[in-house]
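# Summary of structural features
Now for the letters of each chain:
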Amino acid sequence: AGERSPLMSFWRDALIALSPDALRSAITRARGEATTCLPASRWRIVSPLVQRGEAARIESMLAKWLEDFERRRPPFAAQEIEAARSLVLAGRLLKLRLDRIDALDGGGVAIIDYKTGRTDVATSWFETRPRAPQLGLYALAHRAADPSQDLRAVAYAQLKPGAVMVRGLAKDGRAWPELKLPSSLKHDGIADWDAIETRWSQILGALGAEIVAGAASVSPRDPKETCARCGRRPLCRLG
């Protein structure tokens, strides 16, 4: 937390429109800035071979993300990086930091959150106990900060080696054509963007109220799956 990622360094310099050679150089510079910000004491325990391998991995992953996803999007500009926002949920103030906010062609913005692990499918974001609630919190915080600015897309940038992808939702086809509203959400009564934000407000507000009330009941999201992987069974209160 608090360390600069290579994507943050890249977008700070707005280099998406460079030639292939210039783009490779920009990626290398961004990777260098992101890795050299780490304390020297941490790098001293990493062998030179591993350092070179990590540098190559980061550059390869960043190049794939930019080529396969960013360059294919309609025109946009990175408007804010690590944007500070706040949200009052169930009477409690949450201080949030959004990885990136893009200004979109035609107006409005998109919110992007970087993830180095696997991301959950969009349908799971709207469960009673949702998986990966960050985008919902960010969307509500954005609305609270500036109701007049149209939020047109939210997305997780999955930066996992061998599984680089984007997963998100868009308000309209021009915001981010690759992001579509799943039909299963439509069947669940979430048919448009207003319904998306309303559902997030309901489920995240309910979770916030549980936290404020001190709720501590044991309620696994999926008992069969969760309990099978649990390493704390001697301490469990389910039975």
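Structure first, text after, so check above.
In short, a report on the structure. Just so we're clear, the structure is a prediction, and the values are computed from it rather than from any experiment. (Residues numbered from 1 in each chain as written. Predicted model: local features only at pLDDT ≥ 70, side-chain atom pairs only at ≥ 80, totals over all residues. Heavy atoms only, no water.)

Three- or four-residue spacings in an α-helix give side chains the same orientation, since the helix completes a turn every 3.6 residues. When the terminal C-alpha atoms of helix H4 (residues 48-70) are compared, their 32 Å separation across 23 residues agrees well with the 33 Å that a helix rising 1.5 Å per residue should span. Those residues of H4 lying buried are Ala-55, Ile-58, Met-61, Leu-62, Trp-65, Leu-66, Phe-69 and Glu-70. (Helix = DSSP H or I, 4+ residues; strand = E, 2+ residues; numbered from the N terminus. Expected span 1.5 Å × (residues − 1). Buried < 20%, exposed > 50% of the residue type's maximum accessible area, 1.4 Å probe, protein only.)

What follows deals with unusual backbone geometry. Even without being glycine, Glu-82 reaches a positive phi, approximately 50°. Within the fold, Glu-82 resides in strand S1 (residues 76-89). Within the chain, Ala-132 stands out as a residue other than glycine whose phi angle is a positive 50°. Structurally, Ala-132 can be placed in the loop between strand S3 (109-115) and helix H5 (134-145).

What follows is about the packing of helix H2 (residues 20-36) against H4. It is the contact of H2 with H4, at a shortest axis distance of 10 Å, that shows an interaxial angle of 130°. If you check the angle between H2 and H4, you find them oblique. In this structure, the crossing between H2 and H4 has a hand that is right-handed. Contact residues: Leu-23, Ile-27, Thr-28, Arg-31 and Thr-35 in H2; Ala-55, Ile-58, Glu-59, Leu-62, Ala-63 and Leu-66 in H4. Each residue belonging to the contact of H2 with H4 can be placed in one class, and the counts come to seven nonpolar, two polar and two charged. (Axes fitted to C-alpha atoms, helices over the stretch in contact; angles between N-to-C directions. Parallel < 35°, antiparallel > 145°, perpendicular 65-115°, else oblique. Left-handed = near helix turned anticlockwise from the far one by under 90°. Contact = heavy atoms within 4.5 Å. Nonpolar A, V, L, I, M, F, W, Y, C, P; charged D, E, K, R; others polar.)

Spatial ordering of the open sheet is given by S1-S2-S3-S4-S5, a layout of five strands whose pairing is mixed. The sheet is open, and its two borders are formed by S1 and strand S5 (165-170), each paired with just one other strand. The mean angle between the axes of side-by-side strands here comes to 30°, regardless of whether they run parallel or antiparallel. Pairing between strand S4 (residues 151-158) and S5: six bridges, direction antiparallel. (Pairing = 2+ DSSP bridges.)

Geometric descriptors of this kind do not, in isolation, establish any biological role.
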